[in-house]
Structure formats: C-alpha cells, structure tokens
Amino acid sequence: MNIDFLELNKKITNCNKCSRLVKFRNKVSLEKRKKNINEVYWGKPVAGFGDVNGKILILGLAPAAHGGTRTGRAFTGDKSGDFLFKCLFSAKISNQPFSKNVDDGLKLNSTYITNILKCVPPGDKPHLNELNNCSKFFYNEISKLKNLKVIIPLGKVAFENCIKFYKKNYKVNKKIIFKHGKKYTLPDKKILIPSYHPSPRNVNTKLINLKMMKNLFIKAKQLT
Ligand code: SF4
C-alpha cells in the first residue's frame, strides 16, 4: 500500500465524526455476538483494502456489525463476504474463496474493495448526514486509484452514492439507473456496472447466484 493510502486509511481509522455511529460501533464491539464472545472486536471505522494500483473498484455500503466491525476488513467474517469471495475466486479476482480475518492470506487481483460508509449503521440504515460526512473519504479513495477503469457498486445505496460523486464533480447528462449488470460509461470514461448486494437475503431469494455474479465480475475484468 502506498503512502497516500496509508495516510488516508489512518485518517479513516481515527475518525469519530458521526456520534450516532461511534456510539453504535462501540456498543456492537462491547456486546459482541455469542459465537465471537471471546474475540476482541476491531470496533473502529473500516478502511478499504486490496490493490491500490488496481483497475476494478468494488464498493459496498458499510461494514457489517459482526463482519468488518469485528475483523477490521470489509466483507470479512460475515455471510455477504462468504458469498462475495466465492464469486470473486471463481472469476479469478481473489486468490481464495473466503475472507475470514486479516491474516488469512487473501490477495486481490487488480481490485480494491471499500465501502461508501466506513462505520456500521444501526439496522444497516445510514442517515443522510452520515453518508455526507463519510463521502470525503470515498472521494479521496476514488481519486487516488489512478489506474481505475471499472466501478462495481454492490446494492442501490452504494450505487446512488457513487453517482452522487459523479454529479458533484462532472456534468452527467444521461439517466443512470440501478440495473444489475448494465454497463454505463461515466463522464471520466470509467465504466460503471451496478450489481445486487451479495447479501444472504439476495442469495436465499435467488435474486443472485454464483454464476450471475461470476459473469458480472468476468465482464468487468474484460473491460480493464
Ligand atoms: S461513518 Fe465515516 S465520517 Fe462517520 S464516523 Fe465513521 S468514518 Fe467518520
């Protein structure tokens, strides 16, 4: 990781700007989940990880209470991460089909993963002021990813906040709507491919499956 990202990630990790979220992440980390009762939770904002020279950005909404907030890495140690990494591995974007903890040997191929919001919100529902507070970190990440070509927001909220960034910084003429797998060319020539979130609900209701997600990630790789 280069110095720019190290500094940015340090700022993210030390941030206490949203009082409701600081309170919630502390509560989650103290109360813990029964099966992780003997673990020390990370309990801080969760920065992005992966290849900072990568061409693909995968963008989630926020760390999970007992996933990223516990392990300190996005999509790590929770059910969404379990499914996501099966798909990324099958598309040869990750070196292994699981993401359990920061010492599990996970490596990403030309890909960076982060969340729009760096702290877990109660009920997975962030407030607008929290999304606005945290947007500066996402804007910084996206501008530091110099080789970035394809952005894959996972879920509608991540998608909408990514579009917000583009509307703020560029003239966006065409209508861009959330549609799984649809390809859009953004004003800076990057490609946007919205995807459904890899949540257990979306998997259990068969809105998504491994083949669909694998194909989307392969399509993204072919565009880099
Ligand atoms: S959500 Fe973002 S801005 Fe708010 S406290 Fe966490 S890191 Fe800071």
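A brief report on the enclosed structure follows. (Residues numbered from 1 in each chain as written. Predicted model: local features only at pLDDT ≥ 70, side-chain atom pairs only at ≥ 80, totals over all residues. Heavy atoms only, no water.)

Before going further, it helps to spend a moment on the site of the ligand. Every residue near the ligand is listed here: Cys15, Lys17, Cys18, Leu21, Pro45, Leu117, Lys118, Cys119, Asn133, Cys134 and Phe137. Assessed atom by atom at 2 Å from the grid points, the ligand resides in the largest cavity. The leading source of residues in the shell around the ligand is helix α5 (residues 128–144), at 3 residues. A breakdown of the residues in the shell around the ligand according to their chemical character gives 8 nonpolar, 1 polar and 2 charged. (Near = heavy atom within 4 Å. 1 Å grid on protein atoms, 1.4 Å probe; cavity = no way out; pocket = protein on both sides within 12 Å on 5 of 7 lines; lining within 4 Å. Sits in = over half its atoms within 2 Å of the grid points. Helix = DSSP H or I, 4+ residues; strand = E, 2+ residues; numbered from the N terminus. Nonpolar A, V, L, I, M, F, W, Y, C, P; charged D, E, K, R; others polar.)

Considering all chains together, one arrives at 8 aromatic pairs under this definition. Note on tyrosine 139 and phenylalanine 165: the rings are 4.8 Å apart at their centroids and 55° apart in plane angle, and the pair reads as tilted. Placement of the pair is tyrosine 139 in helix α5 and phenylalanine 165 in helix α6 (residues 156–169), with a sequence separation of 26 residues. Above the plane of the ring of phenylalanine 137 lies lysine 136, whose end atom (NZ or CZ) is 4.6 Å from the centre. (Phe/Tyr/Trp six-rings, centres within 6.5 Å; stacked < 30°, edge-to-face > 60°. Lys NZ or Arg CZ within 6 Å of the ring centre and 35° of its normal.)

Quick look at the sheet that holds strand β6 (residues 191–192) now. Taken in spatial order, the 6 strands of this open sheet run β1-β3-β2-β4-β6-β5, and their pairing is mixed. The open sheet has two edge strands, β1 (49–50) and β5 (184–185), and neither has a second partner. Against the sheet, α6 contacts β2 (56–60), β4 (150–153) and β6, and its axis sits at roughly 140° relative to β4. (Pairing = 2+ DSSP bridges. Contact = heavy atoms within 4.5 Å. Axes fitted to C-alpha atoms, helices over the stretch in contact; angles between N-to-C directions.)

On to the nonpolar core, then. Within soluble globular proteins, side chains that are nonpolar generally end up buried alongside one another. By size, the foremost hydrophobic cluster in this structure holds 34 residues, and its most contacted members are Leu57, Phe138, Ile142, Ile151 and Leu192. Of all the elements in the fold, those that place two or more residues in this core are α1 (3–13), β2, α5 and α6. The residues contacting isoleucine 151, other than those within four sequence positions of it, are Leu57, Ile142, Cys162, Tyr166, Leu186, Lys190, Ile191, Leu192 and Ile193. Core analysis: the second largest hydrophobic core is formed by 26 residues, Phe85, Leu154, Ile193 and Leu216 among them. (Core = buried A, V, L, I, M, F, W, Y, C linked by side-chain atoms within 4.5 Å. Buried < 20%, exposed > 50% of the residue type's maximum accessible area, 1.4 Å probe, protein only.)

You can see arginine 73 is positioned in the loop between α3 (68–71) and α4 (79–90). Here asparagine 101 takes part through its backbone oxygen, which lies 3.1 Å from a polar atom of the side chain of arginine 73. (Polar contact = N/O pair within 3.5 Å; in protein donor to acceptor, adjacent residues only side chain to side chain.)

This part is about the pairing of β2. β2 sits mainly inside the fold: 5 of its 5 residues count as buried. Neither face of β2 is left uncovered, since the one carrying Ile56, Ile58 and Gly60 and the one carrying Leu57 and Leu59 both have all their residues buried. Summarising the sheet, β2 and strand β3 (residues 111–115) pair through 5 bridges and their orientation is parallel. Counted as the bridge partner of leucine 59 is threonine 114 from β3. Here β2 runs beside β4; their pairing, made up of 4 bridges, is parallel. Each bridged residue has a counterpart across the sheet, and for leucine 57 the counterpart in β4 is isoleucine 151.

Let's shift gears to helix α2 (residues 19–31). Structural remark: α-helix, 3.6 residues per turn; residues separated by three or four positions point the same way. The terminal C-alpha atoms of α2, which comprises 13 residues, lie 18 Å apart, in line with the 18 Å expected from a rise of 1.5 Å per residue. Residues Leu21, Val22, Phe24, Arg25, Val28 and Ser29 constitute the buried set of α2. Along the axis of α2, the buried residues cluster in a sector spanning 165°; they form a single face. Of the residues in α2, the exposed ones pointing more than 90 degrees away from the buried face are Ser19, Lys23 and Leu30. Those residues of α2 that are buried lie in contact with α3 and α5. One or two positions beyond α2, positive phi appears at lysine 32, with a value near 60°. (Expected span 1.5 Å × (residues − 1). Arc of directions from axis to C-beta.)

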